[in-house]
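Examining the three-dimensional arrangement
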Amino acid sequence: MPDLPPSEDRDGRRRRFRSRGMLVRQSVNSSLVSVAGLIRAPVRDLESHDVGRLVDVVVRWDRGIYPQVSGLVIRIGSRRAFVHVADVSNIRRRVVQLGSTRVDLKDFERRPGEQLLRKDVIDHQLLDVDGARVVRAADLYVAHVGSRYWVVGVDVSFVSFLRRLLPTRMSSLPTAERVLDFASIQPFGRPGTPVKLRKPHRGLEQLRPADLADLLEDLGRPERRELLSLLPPENAADVLEEMEPRHLHLLLRDVPIDQAAGLVAMMEPDEAVDALRDLSEEERLRLLAQMPGARAAELRGLLTFPEGAAGGIMTTRIVVLTMNETIRDAREKVRTRRREEDVDGLVVIDGDGRLIDDLSLMDLLDNDPDTPIAAVVGPPYPGTVLPDADLDDVVEQLIGNRGSSLVVVDLEHRPIGRILADDVVDALVSTDVQRRWPWQPKGPGG
């Protein structure tokens, strides 16, 4: 698309009308035509005779950054006819001028790869990827660039919504209060509109899971499913971990059971358990039945611990080392595990499987590859808790140990999981705010 320069993000998340991309060009700015203002505008032939009234603008949105106008739908009597953009001489703010007297009176039928701007886009949700937010298109702007017409901007202001209620002559005037460059927009497919981009907007790949979680929570059900389908499954699982419980519950109910089970299976074990606890028993059993056997067994075991207990908030994804291994062996284990999951640390066990020490990833960098693990272990030793320890005990141990995590051990002192500081914070946030924590002084009579 030689007429369209690559879009450059210059001002971050909150962009204004003349801030970037196509909208920064004066030639584009001066030729903007409101799509909402064009609806019901007269369509005239070469001799300026009225042929009909514009009903919708047809675009192809299956490639490139900006949708290209491919034609117009016009009403001629009781028919809705299609006019190819090649037969259009000029699109102005109040009138469409044809460059030909030929008009195909056959009723318009949508072709694969086409979308209707008024029907499919205006008043629907879109993703502003640069702004990491969900927007609703109050209006769209078309501009003549080079030899073609392109959709270059989306208006998200309430003022533009109100402007559509005004007489046609006034509503055709664009307002630049909150117009986003279309280069930052991620569309969604809709029923009856099979077109989808071949790949998601490049900006989606740069958003943090927390940002994407916020977007999912703001989207409607069809758009939410669409956004999930655009994300790699492992990324989607990270996003689900950041969602509020009630939104996650609704999402898991809304997507197909096999997709929901796959996403939960890829979540961190403690996050997956929290998600499963919020479902009904029937829903929980159905999801577990769809998961790989080993993963389902692991989560069933974690679900046996009381909610809020150490066993219920720990992650079972731990890397285990023995005393006769080396730093090189440890690095290789971490490298192998990190292909599938995050690694926060390593535990060292003796010949009977009992905990000796834990090592951080920094320990692996600070030592020579041939260094035996036995030469690295030593005080300070890790804080430990039993799986049935309550949240108060976990907090007290974490504060007393002054570390970033605790190792969960069984009665034989064998490691079965790890609790990270952020897991404790999440658990605290989800409990009663009136709770008295171990570091708080007791009040009178308490």
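In the block above lies the structure referred to throughout.
In what follows, the accompanying structure is described. Note that this is a predicted model, so its numbers are computed, not measured. (Residues numbered from 1 in each chain as written. Predicted model: local features only at pLDDT ≥ 70, side-chain atom pairs only at ≥ 80, totals over all residues. Heavy atoms only, no water.)

Once that is clear, we can look at a negative patch on the surface. Together, Asp388, Asp390, Asp393 and Glu396 make up a negatively charged patch on the protein surface. Tracing the backbone through its elements, the reader meets aspartate 390 in the loop between strand E19 (384-385) and helix H17 (391-401). (Patch = residues over 30% accessible without salt bridge, like charges linked within 9 Å, V, L, I, M, F, W, Y side chains within 5 Å. Areas by Shrake-Rupley, 256 points an atom, 1.4 Å probe, with all protein chains shown as cover. Salt bridge = Lys/Arg side-chain N within 4 Å of Asp/Glu carboxyl O. Lys, Arg positive; Asp, Glu negative; His and termini not counted. Charge placed at Lys NZ, Arg CZ, Asp CG, Glu CD. Helix = DSSP H or I, 4+ residues; strand = E, 2+ residues; numbered from the N terminus.)

Below, the discussion takes up the packing of helix H10 (residues 257-266) against helix H12 (residues 281-290). Two elements in contact, H10 and H12, have axes separated by 8 Å at closest approach and are oriented at 80°. Judged by the angle between their axes, H10 and H12 are roughly perpendicular. In contact with Ile257, Asp258, Ala260, Ala261 and Val264 of H10, H12 contributes Arg286, Leu287 and Gln290. Of the residues that constitute the contact of H10 with H12, the class distribution is five nonpolar, one polar and two charged. (Axes fitted to C-alpha atoms, helices over the stretch in contact; angles between N-to-C directions. Parallel < 35°, antiparallel > 145°, perpendicular 65-115°, else oblique. Contact = heavy atoms within 4.5 Å. Nonpolar A, V, L, I, M, F, W, Y, C, P; charged D, E, K, R; others polar.)

A word on the packing of helix H11 (residues 269-277) against helix H13 (residues 293-303). Between two packed helices, what matters for the description is the angle formed by their axes and the separation of those axes. Close contact between H11 and H13 brings their axes to 10 Å; oriented N to C, the two are set at 70°. For the element pair H11 / H13, the angle class is roughly perpendicular. Packed against H11, whose contacting residues are Pro269, Ala272, Val273, Leu276 and Arg277, the element H13 presents Arg295, Glu298, Leu299, Leu302 and Leu303 at the interface. For the contact of H11 with H13, a count of residues per class yields seven nonpolar, no polar and three charged.

Here we take up unusual backbone geometry. Cis peptide bonds are those with omega within 30 degrees of zero, and the linkage from proline 379 to proline 380 qualifies with 0°. Inspection of the secondary structure assignment puts proline 380 in the loop between helix H16 (361-366) and E19. Despite not being glycine, arginine 40 has its phi angle at roughly 75°, a positive value. Position of arginine 40 among the secondary structure elements: in the loop between helix H2 (35-38) and strand E2 (42-44). Positive phi values are uncommon outside glycine, yet histidine 413 reaches one of about 65°. The residue histidine 413 is located in the loop between strand E20 (405-409) and strand E21 (415-420) in this model.

The strand order across the open sheet built from three strands is E19-E20-E21, with neighbouring strands paired in mixed fashion. Looking at which strands have only one partner, the edges of the open sheet turn out to be E19 and E21. Judged from the five bridges that link them, E20 and E21 form a sheet pairing that is antiparallel. Among the inter-strand pairings, valine 407 is bridged to a residue of E21, identified as arginine 418. (Pairing = 2+ DSSP bridges.)

So, about the environment of asparagine 367. On the secondary structure map, asparagine 367 appears in the loop between H16 and E19. In this structure, the C-alpha to C-alpha distance between asparagine 367 and isoleucine 327, residues 40 residues apart in sequence, is 7.1 Å. Here asparagine 367 is in contact with Ile327, Arg331 and Val376, once residues within four sequence places are set aside. Of the polar contacts made by the side chain of asparagine 367, one reaches the backbone oxygen of aspartate 363; its length is 2.7 Å. (Polar contact = N/O pair within 3.5 Å; in protein donor to acceptor, adjacent residues only side chain to side chain.)

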